[in-house]
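Observations on chain architecture
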Amino acid sequence: MSGSMLKNIWLPYTQMQTCNNPVIAQTTKGSVITLQDGTELIDGIASWWTACHGYNHPYIADHVQKQLQKMPHIMFGGIIHEPAITLSAKLAELLPGDLNKVFFTESGSVAVEVAMKMAIQFWLNQNKIEKTKILSFYGGYHGDTMAMMAVCDPEEGMHHLFKDVLPHQHIIQLPTTQELRQQFSDFLEKHHHEIAAILMEPLVQGAGGMLFHDPEQLSFLRQQADHYNILLIFDEIFTGLGRTGSFFACNQADIVPDIITLSKALSGGTMALAATIARECIFDGFLSDKESHALMHGPTFMANPLACSCANASLNLFEQYDWASNVKNIEAQLTQELAACLKLDIVKDVRVKGAIGVVELHKIDNMNLLKNKLLEHKVWIRPFRNIVYLTPAFTITTAELSQLTRAIYDVLSS
């Protein structure tokens with residue numbers, strides 16, 4: 001690790017004593033990152049899947065520049081602005097059912113915290129003071145803040161060190177089999193009186209291991225939540241905005257969660273923005289003559305006009321090209337080209353859903369070495385745990401995507 005380069009920087013998810021020197025990005029364009037030394041890398045993960053239309057899209061840039069001249073930021077307390085009005089209306093139109101009430105934040109973790117806060121206070125406002133627990137699932141990941149760590153997988157996730165100091169929440173197996181469904185129903189029968197909401201990542205549990213499940217699981221959870229009078233929260237920060245092939249993952253089950261969270265690709269990978277969107281009945285649960293029944297939350301930079309302008313432009317872009325066909329083509333190419341990895345002894349599984357390709361290894365013995373070898377192939381891929389994955393921009397070319405899949409195979413086979 002270079003002392004001068006990292007003298008004042010603390011990297012995320014990184015043991016700073018043993019880590020590789022980070023590369024220095026100079027410019028980006030499309031699916032290409034150009035480093036300070038002129039090296040060009042094909043980006044296989046679109047900056048944690050945020051840059052869904054590729055980097056530096058001129059349409060988004062134009063919106064940002066125009067908004068910068070008019071108003072880069074203004075507080076959202078008691079005063080609102082056109083970019084936020086437009087964005088909230090767009091989201092309400094795109095989301096299923098009556099998911100119409102939009103609360104803006106600046107990060108995914110906070111968006112899910114707000115969703116949990118909404119769910120718990122919804123019941124508190126009705127004097128159901130016992131319904132304060134959140135039910136989530138093994139393999140789940142919802143963020144790194146303290147409240148979020150309490151609802152992530154306590155054993156396999158990134159936060160196991162904190163499991164004894166976090167507030168207790170219910171974390172159980174995702175009901176993916178008939179036996180687990182019965183266990184799930186039995187659990188709710190026993191604990192539903194204290195559960196405010198079920199929280200899950202629909203179709204794909206992302207950072208918890210890139211674990212896939214079927215739309216039928218979502219329908220089952222909706223039915224169970226209704227039966228036991230529990231709210232259903234979908235964390236679509238990873239799965240939303242086209243990543244799984246449908247615009248929202250919940251579309252594939254044709255159901256409506258009570259609260260949904262969005263971030264990541266919401267602003268087209270340009271600025272920090274997140275949103276927690278609730279159904280009308282949830283919003284109505286906060287309407288009262290009592291000030292204490294209001295949702296007492298308000299990040300300083302919530303609904304930042306620049307970020308909202310980016311999001312408006314990004315949502316417009318989805319209407320200007322056939323993103324769904326692009327994702328379908330990416331899915332087909334990933335399926336075909338990653339299949340070769342199954343022949344390798346070190347590979348446990350290969351799976352693809354939408355614009356998500358996963359090569360699961362039995363284990364990764366030397367993560368730093370693996371990352372270095374991938375860099376030598378001029379690709380930007382960031383394995384974690386025992387997973388090598390791709391979440392490219394929807395605008396990536398077939399040649400660029402092939403360079404990524406070839407790099408994975410060549411490195412793993414060597």
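Residues numbered from 1 in each chain as written. Predicted model: local features only at pLDDT ≥ 70, side-chain atom pairs only at ≥ 80, totals over all residues. Heavy atoms only, no water.

Ranked by internal contacts, the top residues of the largest apolar core, which has 111 residues, are L91, F104, F184, M210, V359 and I408. Per-element accounting of this core gives the leading share, ten residues, to helix α4 (residues 108-124). Three or more residues apiece are contributed to this core by two domains, here domain 1 (1-56 + 322-413) and domain 2 (71-319). Once residues lying within four places of it in the same chain are set aside, the contact partners of L91 are V102, F104, L262, L266, A275 and L315. (Core = buried A, V, L, I, M, F, W, Y, C linked by side-chain atoms within 4.5 Å. Buried < 20%, exposed > 50% of the residue type's maximum accessible area, 1.4 Å probe, protein only. Helix = DSSP H or I, 4+ residues; strand = E, 2+ residues; numbered from the N terminus. Domains from an automatic or database assignment. Contact = heavy atoms within 4.5 Å.)

Given 3.6 residues per helical turn, the α-helix brings residues three or four places apart onto the same face. The complete set of buried residues in helix α11 (residues 367-376) reads L370, K371 and L374. The arc enclosing the buried residues of α11, seen along the axis, measures out at 95°, which places them on a common side. Two or three places before N368, at the opening of α11, N366 has a side-chain oxygen 3.4 Å from that residue's backbone nitrogen. Of the residues one or two after α11, K378 is the one with positive phi, at around 60°. (Arc of directions from axis to C-beta. Polar contact = N/O pair within 3.5 Å; in protein donor to acceptor, adjacent residues only side chain to side chain.)

On to the sheet that holds strand β15 (residues 379-380), then. Strands sit in the order β1-β2-β3-β15 across an open sheet of four strands; the sheet is mixed. Edge positions in the sheet fall to β1 (25-29) and β15, since each has one partner strand and no second. In the sheet, strand β2 (residues 32-35) pairs with strand β3 (residues 40-43) via three bridges, with the strands oriented antiparallel. In the sheet register, V32 faces β3, and the bridge partner there is I42. (Pairing = 2+ DSSP bridges.)

Summed over all chains, the structure comprises 14 aromatic pairs. Taking 5.6 Å as the distance between ring centres and 75° as the angle between the ring planes, the aromatic pair formed by F384 and Y389 counts as edge-to-face. In this structure an aromatic cluster arises from ring pairing among F247, F248, F318, W323 and F394. We note K101 situated over the ring of F283; from NZ or CZ to the ring centre the distance is 4.5 Å. Its end group placed over the ring of W123, K131 keeps NZ or CZ at 4.8 Å from the ring centre. (Phe/Tyr/Trp six-rings, centres within 6.5 Å; stacked < 30°, edge-to-face > 60°. Lys NZ or Arg CZ within 6 Å of the ring centre and 35° of its normal.)

Relative to the helices and strands, A92 resides in helix α3 (residues 82-94). Taking the C-alpha atoms as reference points, A92 and I60, 32 residues apart in sequence, are found 21 Å from one another. With residues up to four places along the chain from it excluded, the contact list for A92 reads L99 and N100.

Let's shift gears to the UniProt feature "binding site: substrate" (unreviewed entry) in the protein. Under the UniProt annotation, "binding site: substrate" (unreviewed entry) lies at W48, Y141, K264, G298 and R382. Look at the named residues: they lie 335 residues apart in sequence, and the longest C-alpha span between them is 33.3 Å, so in the fold they stay spread out. Among the secondary structure elements, K264 is positioned in the loop between β11 (259-262) and β12 (274-279). Residue K264 is classed as partly exposed on the basis of its relative accessible area of 27%. Excluding residues that lie within four positions of it along the chain, K264 makes contacts with W48, W49, T50, I237, G269 and L273. Positionally, R382 belongs in the loop between β15 and β16 (387-390). R382 has contacts with I45, K371 and Y389, leaving out every residue within four places of it along the chain. (UniProt positions renumbered as here; feature names shortened; annotations may be inferred.)

Turning to the sheet that holds strand β5 (residues 133-137), a few remarks are in order. Sheet strands pair by backbone hydrogen bonding; their relative direction is either parallel or antiparallel. Strand order across the open sheet formed by seven strands is β4-β12-β11-β10-β7-β5-β6, with mixed pairing between neighbours. With partners counted over all chains shown, the strands left at the sheet margins are β4 (99-105) and β6 (170-172), one partner each. Neighbour-to-neighbour, the strand axes of the sheet open up by a mean angle of 20°, direction not taken into account. Here β4 pairs with β12 via six bridges, running antiparallel. Looking across to β12, one finds that T105 is bridged to A274. Set on the sheet, α3 makes contact with β4, β11 and β12; between it and β4 the angle comes to about 135°. (Axes fitted to C-alpha atoms, helices over the stretch in contact; angles between N-to-C directions.)

Turning our eyes to something else, we now look at a nonpolar patch on the surface. A cluster of nonpolar side chains, contributed by M146, L161, F162 and V165, occupies part of the molecular surface with about 440 Å² of accessible area. Accessibility expressed as a relative area gives 59% for V165, which makes it exposed. (Patch = residues over 30% accessible without salt bridge, like charges linked within 9 Å, V, L, I, M, F, W, Y side chains within 5 Å. Areas by Shrake-Rupley, 256 points an atom, 1.4 Å probe, with all protein chains shown as cover. Salt bridge = Lys/Arg side-chain N within 4 Å of Asp/Glu carboxyl O.)

It is worth spelling out helix α9 (residues 305-318) at this point. In this model, α9 (14 residues) spans 20 Å end to end at C-alpha, consistent with the 20 Å of a helix rising 1.5 Å per residue. Backbone nitrogen of L306 and a side-chain oxygen of the N-cap are separated by 3.1 Å at the start of α9; the cap is N304. (Expected span 1.5 Å × (residues − 1).)

A few words now on the domain arrangement of the protein. You can read the domains of the protein as domain 1 (1-56 + 322-413) and domain 2 (71-319). Computed from C-alpha atoms alone, the centre-to-centre distance between domain 1 and domain 2 is 27 Å. Listed by partner, the interface residues are 23 residues for domain 1 and 30 residues for domain 2. For the pair domain 1 and domain 2, the two sides together bury roughly 2,400 Å², of which 65% comes from carbon and sulfur. Summed over the three residues of domain 1 that lose the most area to domain 2, namely W49, W323 and K353, the buried surface amounts to 31% of that side. (Buried area = accessible area lost by both parts, 1.4 Å probe.)

Glancing now at the pairing of β5. Of all five residues in β5, four are buried; the element is thus mostly enclosed. Pairing between β5 and strand β7 (residues 195-200): three bridges, direction parallel. Residue I134 lies in a different strand from β7, and its bridge partner there is A197. As defined by bridge partners, β5 adjoins β6 across three bridges and the pair is classed as parallel. Along β6, the bridge assignment pairs F137 with I172.

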